[in-house]
Amino acid sequence: MKTTAIALFATLSASAAFADGHAAAPMVMTADQSVANGIVSAEKVVAGENGWMVVHRTDADMKPGPVVAYAPLREGENLDVAAILTEDVAPGEMLMLMVHAETGGVAKGVFEYTLGAKEDGPIRIDDKLVMSVITAK
Ligand SMILES: [Cu+2]
């Protein structure tokens, strides 16, 4: 009986969260991968609004560097997101996959961000960037 009550509560909380639009916190789920085919991919990306998965170069300092790929994201869950690299990335080089919004620019549906720009800039949750760092295999 107790178990049933707990399960029911969990179900109610989940639907309330969905109605509120905060079903899942923004995140990037990815892993080290070969990018020899010219694609960087993420298993799953959750975005709070329509936007972009942006791929920055980075290194051991973990600071976002130049953008080398991007792909559109829908609000909510995105599975198997693939971004085409605009330049070669060698095995051993590090990449940062980051969630950016589609706000602050002048054109809708056009990726307008360049490093440090406000157009289509990164989102922040609790003042932190939403990103994952991988190493190219
Ligand atoms: Cu970024």
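Thresholds, definitions, all that
Residues numbered from 1 in each chain as written. Predicted model: local features only at pLDDT ≥ 70, side-chain atom pairs only at ≥ 80, totals over all residues. Helix = DSSP H or I, 4+ residues; strand = E, 2+ residues; numbered from the N terminus. Buried ≥ 20, exposed ≤ 12 C-beta atoms within 10 Å, placed from the backbone. Pairing = 2+ DSSP bridges. Axes fitted to C-alpha atoms, helices over the stretch in contact; angles between N-to-C directions. Core = buried A, V, L, I, M, F, W, Y, C linked by C-beta atoms within 7 Å. Contact = placed C-beta atoms within 7 Å.

**Points about unusual backbone geometry**
Excluding glycine, residues mostly carry a negative phi; peptide bonds, for their part, are mostly trans.
Then comes step 1: In this model, Asp80 sits at a positive phi of 50°, which is unusual for a non-glycine residue.
Then comes step 2: Mapped onto the fold, Asp80 is located in strand 5 (residues 76-84).
Then comes step 3: By the C-beta count within 10 Å, which is 9 here, Asp80 ends up exposed.
Then comes step 4: Residues other than glycine seldom take positive phi values, yet Asp127 does so here, at roughly 70°.
Then comes step 5: For Asp127, the position within the fold is in the loop between strand 7 (124-125) and strand 8 (128-129).

**Observations concerning the sheet that holds strand 6 (residues 94-101)**
Then comes step 1: Taken in spatial order, the four strands line up as 4-3-6-9 in an open sheet, and their pairing is antiparallel. Either end of the sheet is taken by a strand with one partner, and the two such strands are strand 4 (67-73) and strand 9 (131-135). Going from strand to strand, the sheet's axes swing by 25° on average, the running direction of each strand aside.
Then comes step 2: Sheet topology note: the strand 6/strand 9 ladder contains five bridges and is antiparallel. Residue pairing for strand 9: Met94 is matched across the bridge by Thr135.

**Describing the sheet that holds strand 5**
Then comes step 1: In spatial order, the strands read 1-2-5; together these three strands make up an open sheet with antiparallel pairing. Either end of the sheet is taken by a strand with one partner, and the two such strands are strand 1 (27-29) and strand 5. Averaged over all neighbouring strand pairs, the angle between strand axes comes to 30°, with direction disregarded.
Then comes step 2: In this sheet, strand 2 (residues 39-47) lies alongside strand 1 in antiparallel orientation, the contact comprising three bridges.

**A word on the nonpolar core**
Then comes step 1: One finds Met53, Val55, Tyr70 and Leu97 to be the most contacted residues of the largest nonpolar core, which totals 28 residues.
Then comes step 2: Looking at this core, the elements that each hand over two or more residues are strand 2, strand 3 (51-58), strand 4, strand 5, strand 6 and strand 9.
Then comes step 3: A per-element tally of this core places strand 4 first, with six residues.
Then comes step 4: Met53 has contacts with Ala42, Val45, Tyr70, Ala71, Leu73, Val81, Ala83, Leu97 and Val99, leaving out every residue within four places of it along the chain.

By themselves, these figures tell us nothing about what the structure is for.
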